[in-house]
Amino acid sequence: MIKNMVNYKMNMITGKDLMKYAGEFNIQLTARQAEKIAAYLRGKNFDLFDDNVRSKIIREIAKITGPKTAKEINHLFIQFTK
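Quick notes on the rules
- Residues numbered from 1 in each chain as written.
- Predicted model: local features only at pLDDT ≥ 70, side-chain atom pairs only at ≥ 80, totals over all residues.
- Heavy atoms only, no water.
- Patch = residues over 30% accessible without salt bridge, like charges linked within 9 Å, V, L, I, M, F, W, Y side chains within 5 Å.
- Areas by Shrake-Rupley, 256 points an atom, 1.4 Å probe, with all protein chains shown as cover.
- Salt bridge = Lys/Arg side-chain N within 4 Å of Asp/Glu carboxyl O.
- Helix = DSSP H or I, 4+ residues; strand = E, 2+ residues; numbered from the N terminus.
- Buried < 20%, exposed > 50% of the residue type's maximum accessible area, 1.4 Å probe, protein only.
- Phe/Tyr/Trp six-rings, centres within 6.5 Å; stacked < 30°, edge-to-face > 60°.

Focus on a nonpolar patch on the surface
For step 1, the next point in the chain: Taken together, the side chains of Met1, Ile2 and Met5 present a nonpolar region at the surface, about 410 Å² in accessible area.
For step 2, the next point in the chain: With respect to the element layout, Met5 can be found in helix H1 (residues 2-11).
For step 3, the next point in the chain: With relative accessibility at 53%, the residue Met5 sits in the exposed group.

Now the structure itself:
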């Protein structure tokens, strides 16, 4: 059930949500980057609990934010999936 809730939230995430999480976890993220990431995630029904899927997502996020920020976001995703 938790898995479904986390995946549902990622499917519906907004840039504003991402900015809030970035602030809570001290991740450097601009509003524009957050909006681009949210647009990429929204409506895709990704399974963050699947390592291969999460790796694909992080590679796409790295194209938007750079590898350092993508790595920090990956740590955030891992926290969500624990």
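Moving on from the model shown.
Let's talk about the packing of aromatic side chains
For step 1, the next point in the chain: Applying the stated criterion across every chain yields a total of one aromatic pair.
For step 2, the next point in the chain: Consider the rings of Tyr40 and Phe46, whose centres lie 5.5 Å apart with planes at 35°: the pair is tilted. Residues Tyr40 and Phe46 agree in their burial class; the two are buried.

Focus on the pattern of salt bridges
For step 1, the next point in the chain: As enumerated under the stated definition, the model contains five salt bridges in all.
For step 2, the next point in the chain: The salt bridge involving Asp47 is made with Lys3; its shortest N-O contact spans 3.5 Å. Of this pair, Asp47 sits in the loop between helix H3 (31-41) and helix H4 (51-65) while Lys3 sits in helix H1, placing them 44 residues apart in sequence.
For step 3, the next point in the chain: Salt-bridge contacts for Asp51 lead to Arg54; the nearest nitrogen and oxygen are separated by 2.8 Å. Of this pair, Asp51 and Arg54 are both found in helix H4, three residues apart, which corresponds to roughly one turn of the helix.

So far we have only geometry, and geometry alone does not tell us how the molecule works.
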